[in-house]
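Next come the chains, spelled out residue by residue.
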Number of protein chains: 2
Amino acid sequence: MNEHEKIFIDYLKRSDLKYTRPRQIILNIVFNNPSHFDVETLYDQIRRNNRDVSRATVYRTMPLLVKSGLIKQSLRCQAKDQYENVSDQDHHLHLVCNNCGKIIEINSSELENRLRSLAEVHKFKILDFSIGAQGLCRKCSNKRDKETKS
Amino acid sequence: MNEHEKIFIDYLKRSDLKYTRPRQIILNIVFNNPSHFDVETLYDQIRRNNRDVSRATVYRTMPLLVKSGLIKQSLRCQAKDQYENVSDQDHHLHLVCNNCGKIIEINSSELENRLRSLAEVHKFKILDFSIGAQGLCRKCSNKRDKETKS
DNA sequence: ATAAATATTGATAATGAGTCTCAATTTAGT
DNA sequence: ACTAAATTGAGACTCATTATCAATATTTAT
Ligand SMILES: [Mn+2]
Ligand SMILES: [Mn+2]
Ligand SMILES: [Zn+2]
Ligand SMILES: [Zn+2]
C-alpha cells in the first residue's frame, strides 16, 4: 500500500465510495505513467496490461482522482483533455508547440504567487491554475523559418 | 467601413482571399457581441438576426479572424472553445468560476511579460497566451460556506 | 442469515463540438 | 462572356465524453 493508494482510499472513505478492483487498477496505471496523459491513452495502457476495465469506468474515475487531490486537469492538447500527476512537480506552467505537440514545462512559483495575489483582490478562491502559452518550439520555429525563405 | 472591417479586408487581400457577404455578416455579429463567445453561440446570433450563413462557414471564418489579429482563442468553458475580441482590452487574464461560470478579467501586462521572458529562455516562440485560474467567485464561495455550516 | 437499500460496473447508445466532402455558386481577371 | 480559382451550404462524419440501464456487488437493517 503506497502513498497514493492511502490518499485515494482515504478520499473514497470520506465520500462513502468503495475502493474496488477497477479503481485500484486505474490508480496503479495512472502512477506508472508519464505525468501527462489523456483518458483514451490511459484506457489503452490498461488494456495493454491485460487488465479489464471498461472505458466508462475509466472516465468515471478521473473526477474521483481529481477530487482526491492526486491528479489535476492540466492542458488541452489535440482535442483531448489532459490530466497530470500533481505530486510530481509542484507548480509549473506549459509551453505547448502548435506544430509538433511538444510540451515544455517550466517551474515558476513566482507567476503563481503573483496570480494568487491578484485573485485575492477579487475575493476569488483559486482551486486550480492554468498558466501557459501556445506557439512554436525552437525546432518547429527554425523549420518554419527555413521553409519561408525557400 | 469601420476599423475592424479595414483590418479584416486588409488581411484577406494580403492572403488572396475575398471579402464576401458571409464573412461580412460574421464580422459584424462578432463585433456586436460581448467580447467572449463560442462558435455555436455566434451561429445562433447570426440566425437570430435573420442572416443566413452556414455553420461550416462560421467555423471556417474563425481562423481567418484570428490570423487577421481581430480575435484570439481565449479560454475553454463548458466544453467549448471561446474566442474573444482582441482590441477591447489589451492583455488580461481570466478567473473562471467553476460554479456559476462567471468570468472575471484582470489586466496585467506584468504576468505576461514575465511569461514571455521565461519562454525566451527556451527559444519558444509564443503565439498565444492563456493565463488564468479556476475556482469560486466571491458569491459562490460564500454560498458554499453557508451550505457547509448548515 | 436474509432482505432491502445503495453503489458499481460494463456494454452500448447518445450527445455535441468540430471537421471534411463535394457539388453548386460566386468572384476576379482576361 | 469565358475561365480558373475561391467560396459556400448541406449534410455526412469523427471522436471525445456523457448518459442509460440492466446486471452485479456491497453495505446496512432486521
Ligand atoms: Mn505539466
Ligand atoms: Mn477576456
Ligand atoms: Zn514543435
Ligand atoms: Zn460563481
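Anyway, here's the lowdown on the structure attached to this text. (Residues numbered from 1 in each chain as written. Chains lettered and ligands numbered in written order. Predicted model: local features only at pLDDT ≥ 70, side-chain atom pairs only at ≥ 80, totals over all residues. Heavy atoms only, no water.)

Glancing now at the protein's contact with DNA strand C. Within the structure, DNA strand C sits among 20 residues, and A:Lys18, A:Thr20, A:Arg23, A:Thr57 and A:Arg60 are positioned closest to it. The sugar-phosphate portion of DNA strand C accounts for 76% of its atoms within 4 Å of the protein, the bases making up the rest. Within the backbone of A:Lys18, one N or O atom sits 3.0 Å away from a phosphate oxygen of DNA strand C. At 3.1 Å from a phosphate oxygen of DNA strand C is found a main-chain nitrogen or oxygen belonging to B:Asp81. Listing elements by their share of the surface near DNA strand C, those giving two or more residues are helix H2 (21-30) and helix H4 (55-67) of chain A together with helix H4 (55-67) and strand E3 (80-85) of chain B. (Near = heavy atom within 4 Å. Polar contact = N/O pair within 3.5 Å; in protein donor to acceptor, adjacent residues only side chain to side chain. Helix = DSSP H or I, 4+ residues; strand = E, 2+ residues; numbered from the N terminus.)

What follows concerns the relation of the copies chain B and chain A. Screw-axis analysis of chain B against chain A gives a translation of 0.2 Å along the axis, an RMSD of 0.5 Å, and a rotation angle of 179 degrees. The relationship between the two copies is best expressed as a two-fold rotation axis. Taking C-alpha positions as reference, the residue of chain B nearest the rotation axis is B:Ile131, located at 2.2 Å. When the interface residues of chain B are mapped onto chain A, 100% of them are again interface residues, pointing to one common binding face. (Least-squares fit on C-alpha atoms with pLDDT ≥ 70 in both. Contact = heavy atoms within 4.5 Å.)

Turning our attention to the pattern of salt bridges. Opposite charge on two side chains permits them to pair, given that their charged atoms come into close proximity. Going through the model one piece at a time under the given rule, you end up with twelve salt bridges over all chains. Note that A:Glu40 is salt-bridged to A:Arg55, the shortest N-O span being 3.0 Å. Of the two residues, A:Glu40 is situated in helix H3 (residues 39-48) and A:Arg55 in helix H4; the sequence distance between them amounts to 15 residues. By relative accessible area, which is 38% here, A:Arg55 ends up partly exposed. Residues B:Lys72 and B:Asp128 are paired through a salt bridge, measuring 3.2 Å at the closest nitrogen-oxygen approach. (Salt bridge = Lys/Arg side-chain N within 4 Å of Asp/Glu carboxyl O. Buried < 20%, exposed > 50% of the residue type's maximum accessible area, 1.4 Å probe, protein only.)

Residues and elements named next belong to chain B. Orientation of helix H1 (residues 3-14) relative to helix H2 (residues 21-30), taken along the N-to-C sense of each, is 140 degrees, at an axis distance of 11 Å. Here H1 lies oblique to H2, going by the angle between them. For the element pair H1 and H2, the recorded crossing hand is right-handed. Contacts from His4, Glu5, Phe8 and Leu12 in H1 reach Arg23, Gln24 and Leu27 in H2. Its residues assigned to classes, the contact of H1 with H2 comprises three nonpolar, two polar and two charged. (Axes fitted to C-alpha atoms, helices over the stretch in contact; angles between N-to-C directions. Parallel < 35°, antiparallel > 145°, perpendicular 65-115°, else oblique. Left-handed = near helix turned anticlockwise from the far one by under 90°. Nonpolar A, V, L, I, M, F, W, Y, C, P; charged D, E, K, R; others polar.)

Time to look at the protein's contact with DNA strand D. The local shell around DNA strand D holds 20 residues, among which B:Lys18, B:Thr20, B:Arg23, B:Thr57 and B:Arg60 are the closest. A share of 72% is what sugar and phosphate atoms reach among the atoms of DNA strand D within 4 Å of the protein. Note that a phosphate oxygen of DNA strand D is positioned 2.4 Å from one of the side-chain N or O atoms of B:Thr20. Here a phosphate oxygen of DNA strand D sits 3.5 Å away from a polar atom, N or O, in the main chain of B:Asp52. At the level of secondary structure, the elements contributing two or more residues to the surface near DNA strand D comprise H4 and strand E3 (80-85) of chain A together with H2 and H4 of chain B. Ranked by residue count, the leading element in the surface near DNA strand D is H4(A), at four residues. Class assignment of the residues belonging to the surface near DNA strand D gives a composition of seven nonpolar, three polar and ten charged.

So, on to helix H1 (residues 3-14) of chain A. Residues and elements named next belong to chain A. The first and last C-alpha atoms of H1 sit 17 Å apart over twelve residues, in line with the 16 Å expected at 1.5 Å per residue. Residues of H1 that are buried include every one of Glu5, Phe8, Ile9, Tyr11 and Leu12, and no others. Each buried residue of H1 lies within a common arc of 160 degrees when the element is viewed along its axis, so the set occupies one face. Residues Lys13 and Arg14 are exposed on H1 and point more than 90 degrees away from its buried face. At the N-terminal end of H1, a side-chain oxygen is found 3.1 Å from the backbone nitrogen of histidine 4, two or three residues along, and the residue is asparagine 2. (Expected span 1.5 Å × (residues − 1). Arc of directions from axis to C-beta.)

Read these as layout, nothing more, since geometry by itself doesn't imply function.
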